[in-house]
Amino acid sequence: MTKKHRAFLKWAGGKYKLIDELAKHLPHGQRLVEPFVGAGSVFLNTHYDKYLLCDINQDLIHLYNIVKTRPEEYIAAAKALFVESMNNKDAYYNIRTEFNASQDPFLRSVYFLYMNRHGFNGLCRYNRKGGFNVPFGSYKKPYFPEKEIRFFSDKAAKAEFKCIGYEQAFELATQGDVLYCDPPYAPLSTTASFTTYVGKGFSLDDQALLARHSRHIAHKRNIPVVISNHDIPLTRELYRGANHSTVAVQRNISQKGSSRNKVNEIIALYDHHYQDDEY
């Protein structure tokens, strides 16, 4: 079995545990386009010649471009914060305040990793004014992911990172590409909160539009699209006509370990065989 590579960021809904199953459903192609790159587990564990990796979180894209182009400088600066004297509430909230006040991409990238590893559950959440607002996490000794950063940086030579929405990422896809979409998941219930994501969140309308774009690009432009989501009646209906596979995976975002139950996920594949009755 080939060695799996972990992302250097902790990430809600990360695909590390799912990658073996997911890889079976990703078609061959020259370039993988990810409109929702997140922590990049799919990028790190697949073997395309090139990658176009997109996200609407500008902090994430700045961070990836810095890790790609200035890895040694970045590692030295970030590692300096992973010391005992910085692992307390006061230090964390000071860094968070400085992060929110700064416009400097390098400084924000260094602080972003510190907050990702020292903040509660590795969440990435912003308030309406764009301020990062995840509370302190109280971990004994947060791990500094040096070897993961180096692997990411090496592999990033094959990648282009863009801060754009999924519609623009779809427009940039060309023949020979494969699109993999890992959107914020549809809620399991109507009370589920979407506050962990950038901006106004990903609405049910967005879920439907993503499915429609995917059908269209597969049918009209012969570019295959794979989408991951919760396996619920809503997504089964949204992805009708696609090839469906189901996989059970543990979600690690609940605070109580006992409530981290397995929830089935759907992997939907649209390819050129898809007969689109809407177009």
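Going by the annotation in an unreviewed UniProt entry, the name recorded for the chain is Site-specific DNA-methyltransferase (adenine-specific), with Shewanella intestini given as the source organism. What the UniProt record of the chain gives under Sequence similarities (unreviewed entry) is the line "Belongs to the N(4)/N(6)-methyltransferase family." UniProt, in the comment section headed Catalytic activity (unreviewed entry), describes the chain in these words: "a 2'-deoxyadenosine in DNA + S-adenosyl-L-methionine = an N(6)-methyl-2'-deoxyadenosine in DNA + S-adenosyl-L-homocysteine + H(+)".

(A) Here's a closer look at the pattern of salt bridges. A full pass over the atoms with the stated rule returns 13 salt bridges. Between Arg236 and Asp231 there is a salt bridge whose closest N-O contact spans 2.9 Å. The exposure class of Arg236 is partly exposed, given its relative accessible area of 33%. Linking Glu237 and Arg240 is a salt bridge whose minimum nitrogen-to-oxygen distance equals 3.7 Å.

(B) Geometry of the nonpolar core. Of all hydrophobic cores here, the largest spans 58 residues; its most connected members are Phe8, Leu9, Tyr64, Tyr74, Leu113, Tyr114 and Phe152. Among the elements that make up this core, the one with the highest residue count is helix α6 (residues 105–118) (7 residues). If we ignore the near neighbours within four places in the chain, the residues touching Phe152 are Phe8, Ala39, Phe43, Leu44, Tyr64, Val67 and Phe161. In this structure, Ala169, Ile223, Leu238 and Ala268 belong to the second largest nonpolar core, which totals 25 residues.

(C) Spotlight on the environment of Gly131. Tracing the chain through its elements places Gly131 in the loop between α6 and α7 (146–155). By relative accessible area, which is 12% here, Gly131 ends up buried. Placed 35 residues apart in sequence, Gly131 and Arg96 show a C-alpha to C-alpha distance of 8.8 Å. Setting aside anything within four residues of it in sequence, one finds Gly131 in contact with Asn100, Arg125 and Tyr126.

(D) Broad picture of the packing of aromatic side chains. All chains considered together, the criterion is met by 23 aromatic pairs. Between Tyr48 and Tyr51, the ring centres sit 6.0 Å apart and the planes meet at 85°, which makes this aromatic pair edge-to-face. Of the residues examined, Tyr51 reaches a relative accessible area of 1% and is grouped as buried. Note on Phe112 and Phe132: the rings are 6.4 Å apart at their centroids and 65° apart in plane angle, and the pair reads as edge-to-face. Pair noted here: Phe112 is in helix α6 and Phe132 is in the loop between α6 and α7, with a separation of 20 residues, a long-range link. Taken together through their ring pairs, the aromatic side chains of Phe8, Phe43, Tyr48, Tyr51, Tyr64, Phe152 and Phe161 make up a single cluster.

(E) Up close: the side chain of Glu148. Mapped onto the secondary structure, Glu148 falls in helix α7. Residue classification places Glu148 among the buried residues on the basis of a relative accessible area of 10%. Those residues within four positions of Glu148 in sequence are excluded, and the remaining contacts are Arg6, Ala7, Phe8 and Tyr143.

(F) Main features of helix α4 (residues 71–79). Here α4 has its buried residues at Tyr74, Ile75 and Ala78. Taken end-on, α4 shows its buried residues confined to a sector of 100°, consistent with a single buried face. Each element contacted by the buried residues of α4 is listed here: α3 (58–69), α6 and α7.

(G) Quick look at unusual backbone geometry. Even without being a glycine, Asn121 presents a positive backbone phi close to 55°. Looking at the element boundaries, Asn121 is found in the loop between α6 and α7. The phi torsion at Asn222 lies on the positive side, around 60°, for a residue other than glycine. As for its placement among the helices and strands, Asn222 is situated in the loop between α9 (204–221) and β5 (225–230).

(H) Representation of the environment of Tyr51 in the model. Its place among the elements puts Tyr51 in strand β2 (residues 50–54). Between the alpha carbons of Tyr51 and Leu32 there is a distance of 4.9 Å; along the sequence they are 19 residues apart. Once you skip the residues sitting within four places of it in the chain, Tyr51 turns out to touch Arg31, Leu32, Phe43, Thr46, Lys155, Lys158, Ala159 and Glu160. One polar contact links Tyr51 to Lys155, side chain to side chain, over a distance of 3.3 Å.

Rules used in this analysis
Residues numbered from 1 in each chain as written. Predicted model: local features only at pLDDT ≥ 70, side-chain atom pairs only at ≥ 80, totals over all residues. Heavy atoms only, no water. UniProt positions renumbered as here; feature names shortened; annotations may be inferred. Salt bridge = Lys/Arg side-chain N within 4 Å of Asp/Glu carboxyl O. Buried < 20%, exposed > 50% of the residue type's maximum accessible area, 1.4 Å probe, protein only. Core = buried A, V, L, I, M, F, W, Y, C linked by side-chain atoms within 4.5 Å. Helix = DSSP H or I, 4+ residues; strand = E, 2+ residues; numbered from the N terminus. Contact = heavy atoms within 4.5 Å. Phe/Tyr/Trp six-rings, centres within 6.5 Å; stacked < 30°, edge-to-face > 60°. Arc of directions from axis to C-beta. Polar contact = N/O pair within 3.5 Å; in protein donor to acceptor, adjacent residues only side chain to side chain.

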